Each structure stands twice: as structure tokens, then as C-alpha cells.
Amino acid sequence: MTEKDRDSGTSASPESILTHSGRASEDHLGFVNMPVFRGSTILFRTLDELEDYGAPYRYGRNDNPTTLALGKLVSELEGAEGTVIAPSGLSAVTTAILATVAAGDEILISDSAYDPTRVFSVEGLSRYGIGCRFYDPRIGAGIADLITDRTKAVYVESPGSLTFEIQDLPAIAAAAHARGATVISDNSWATPLYHRPLQLGADIVVHAATKMFVGHSDAMVGTASANAALWPRLKRTHRILGVATSPDDSYLTLRGMRTLAVRMKEHGARSLELAAWLQRQPGVEEVYHPGLPTHPDHDLFKRDFSGSGSLFAMRLREAPRAAIAAMVNGLQLFGMGYSWGGYESLCIPFNPSNIRTAVPWDVKGQMFRVHVGLEGFDDLKADMSAALARYNEASA
Ligand SMILES: *Cc1c(COP(=O)(O)O)cnc(C)c1O
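Numbering of residues starts from 1 in every chain and runs along the sequence as written. Under the rules for a predicted model, residues below a pLDDT of 70 receive no local features and side-chain atom pairs below 80 are neither given nor counted, while totals for whole chains, interfaces and linings still include all residues. Computation of side-chain values covers all heavy atoms of the structure but excludes hydrogens and water.

**Student:** It is not clear to me how the sheet that holds strand β6 (residues 204-207) should be interpreted in this structure. Could you clarify?
**Tutor:** Strands belonging to one sheet form pairs held by backbone hydrogen bonds; the direction of such a pair is parallel or antiparallel. Spatially, the 7 strands line up as an open sheet ordered β1-β7-β6-β5-β4-β2-β3, and their pairing is mixed. Across the chains shown, the open sheet's two edge strands, defined by having one partner strand only, are β1 (82-86) and β3 (131-135). Neighbour-to-neighbour, the strand axes of the sheet open up by a mean angle of 20°, direction not taken into account. Criterion used throughout: strands pair if DSSP finds at least two bridges between them. The way it works is that DSSP assigns letters per residue, a run of H or I at least four long becomes a helix, a run of E at least two long becomes a strand, and they are numbered from the N terminus. Relative to strand β5 (residues 182-186), strand β4 (residues 151-157) runs parallel, the two sharing 5 bridges. Pairing of Tyr155 across the sheet is with Ile184, part of β5. Strands β1, β6 and β7 (222-226) of the sheet are contacted by helix α4 (residues 65-78), whose axis makes an angle of about 130° with β1. Note on contacts: a residue pair is in contact if any heavy atoms of the two residues lie within 4.5 Å. Lines fitted to C-alpha atoms define the axes, with helix axes restricted to the stretch in contact, and inter-axis angles between N-to-C directions lie between 0 and 180 degrees. Its contacts with the sheet put helix α9 (residues 231-241) on β1 and β7, and the angle it makes with β1 is roughly 20°.

**Student:** Can you help me understand the site of the ligand in this one?
**Tutor:** Of all residues adjacent to the ligand, which total 13 residues, the nearest are Gly89, Leu90, Asp186, Thr210 and Lys211. By the criterion applied in these results, polar contacts are pairs of N or O atoms within 3.5 Å in which, for protein atoms, one can donate a hydrogen and the other can accept it, and in which residues neighboring in sequence qualify only through two side-chain atoms. A distance of 2.7 Å separates an oxygen atom of the ligand from a polar atom in the backbone of Gly89. At 2.8 Å, a backbone N or O of Leu90 approaches an oxygen atom of the ligand. Here the accessible surface of atoms and residues is derived via Shrake-Rupley with a 1.4 Å probe, and residues count as covered only by protein chains that are part of the display. Protein chains bury 91% of the 380 Å² of accessible surface belonging to the ligand in isolation. For the shell around the ligand, the residue count by class is 5 nonpolar, 5 polar and 3 charged. One heavy atom within 4 Å of a molecule or strand is enough for the residue carrying it to be called near that molecule or strand. Basically, the charged four are Asp, Glu, Lys and Arg, the nonpolar ten are Ala, Val, Leu, Ile, Met, Phe, Trp, Tyr, Cys and Pro, and anything else, Gly included, counts as polar.

**Student:** Help me out: how do you make sense of the confidence of the model for the chain in this one?
**Tutor:** Atomic detail in the predicted coordinates should be set aside for any region of low pLDDT. The predictor rates its confidence in each residue with pLDDT, a number between 0 and 100. Scored by pLDDT, the chain has a mean of 96; 97% of the residues are at 70 or more. Under a pLDDT of 50 for its full length, residues 1-9 has, in the predicted model, 16 contacts with residues more than four places off or in other chains.

Here it is in C-alpha cells:
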């Protein structure tokens, strides 16, 4: 079987795609992994070659074999026509949005979307005469009432960053498509292993590859994949903006993805188990994890997702800042930091009411976001148990 045969097997399972796609071992002396091709200039031997604009490799910004291999792998996983690679998740998001709107248009964005996505849409797009309105993540088919002739794109993020609402993507996509609007979905949480937005009606799916794809907290990368209708526009937008990604970072992403299936299985099972355990701990008022049967969107989750991500939130009773400090400053295994998706556990406090506009967040209490890593599970429970005890004591 040649590398080509392996790569194009449409019936291959995600695990086989993750282990075989984009390696092209036979093209480089049999070495298993796609090498890092560092380079800007690609040399042509003749004038004919120089003028062959259809040749696959012409200039390093667009035609890097390591980066193209990553795009191919993500396309196979998402069932996409094509994928562009960007130097951060946010630049993949902005490239996807810029591919769908122009001056005079408007985009609708879920109120639960990742905050920098919101900031770009408010502050960035307005400079170019593009409008933006936020909608209730639980709006479902009701989005039809918000869509006007100006609405050219609807942005979905499911579950929502920080607050974990599941969105009814098929219903939103049906309403958007009825009015000719494009649907973009941020799939960073579930990965294509557990949720496939293009199959549920989205036109473009974006990933903060920085998170689960890279998996080791050591690179910033983003991906945007499109269906056949949107691919030419996405590819062209990526090209004219000059969005280029370091081949070293593409390599790290490819390497991380080889083990994505086993990591996701472990992260997902642990996050569900820790979430269920936290629900029973004193002082925990609510746990926001769509995989829990008590989550208000659990039925949608069961319908549209086949597994769980690593990340969820919990709410403790309102307490002074000193209680939050006592809790997080004493954590031994859970680190405090932004991003997520690495092998190491994280826990940070946050406040959604600073972000929300369509559906103000007026729930009393202190929110924490938890990313469950691969440490010993009992060690993680002990660390969290002691943290809750410090919090409860300081807030009593
Ligand atoms: C982190 C994140 C992004 C942005 O990714 P960066 O690589 O940090 O730019 C986008 N969407 C979601 C859901 C994220 O968590």
C-alpha cells in the first residue's frame, strides 16, 4: 500500500487517519514522520518551471510541505474540502470570519464565544464597516428572527467558552442557510473525534490547534476547514492576508495529533469523572459540563457529540478575593494559566458577567474553569479537595 492509498481511504477510522495521514514516509527515505521543511525560497531549474503557476511548491509562505500535511490531516478528520493553517487559533478564527463578510455585511456571534473572537468582531470588523450582534447560545431555530438581509455569517461555539452551553447547530445552520448566510463553528473543545460540525450543517470549522491538537502546551497554531462551497473563498482569503505558519509549529501539531485519540479518551473520561465528583463536594453549587445528565443541554450533547472534552467549569458560593487566593495559590498539581489542552491540569477563576451582552450573566457565585490533565487521578482529587477546603474555610 502506498502512502497515497493510506491517505485517501475515505472509510478509514479517525484513529487510522491520525496515525497515517500526511506522513508521506516514502518521499523522505522512509523516515516515519513528515520532516520540518524550513524555507522561503523554492528553486526552479528552468524558465518553464518558474512560469508554471500550477506547480505545487512555488513559495514558502503558501506551499510548505509540513504545513500542507497538517491541513490534509485535519481535512480528513473533519470531512472538509480543504484546511488552512494559521499561526494561532485566533488568526484561524479571524481568517474564517474575513472569508465570509464584507463591508456593509453583519455577523451574528454566540454570546458564549471565546472572548478574543468577540473583541475582533466588535473592534476589528467595525473599522471596515462590518456589523456584529451577539445572540443567546441557546437560541436554536429562533436565530431565524435575528437574520436580516445584511447577515452573511453566523458564528457558533459549542460548548461555549467558559459557560459550556451546547448549541443546536443543525437548527441554526438550517435557519442561516435559508437566508444564504454561512455558518462558522469553533470545534476546539470536542475535536473532530467527538463532534463534526461540517456534517451537522456548518460551512467552516475552526480549531485552536494550540489546545488539544498540539496537546503539550508548546506551540500556537490554528486551523480553518471548509466544505466544497466555501473552500475557494477561505483558501483565497488566507492567501491574500499572508497568513503563514512556522513549519516547526506545524510539525509539533502533527506530532501531537498522532496521539490525539488516546489523549482525548483519557481527558474526556477524567473530566466527566472529576465533574461528577465535584458535584458532590461541599461548597460546590453547580458544575457546568455538558456530559453530566444534570446539564440543561445534555440531550443535545448526546445527539451531536460522541465524547467529551477536557474542560468544564464550576461555581462556588460567592466569597471574598482572599478565599479565591487561598484556594488557587495553594494548588499543587493544578496550574493557573490561560490556554488548555496540554497534558497538565489547570484551574483558573473567571467572571462571565464581564463578557456577556446578549444574555447578561447574573448568577451569583464564583466561577472556576478546570482543564483535567493526565496526572494521577487520585492526586488531582486530593489537590482539589484541599483547595475546596481552603476556599470554604476562608469564605465561612
Ligand atoms: C484558545 C482558544 C482560541 C484561540 O486560540 P489561540 O491559539 O490561543 O489563539 C479560540 N477558540 C477557543 C475555544 C479557544 O479556547
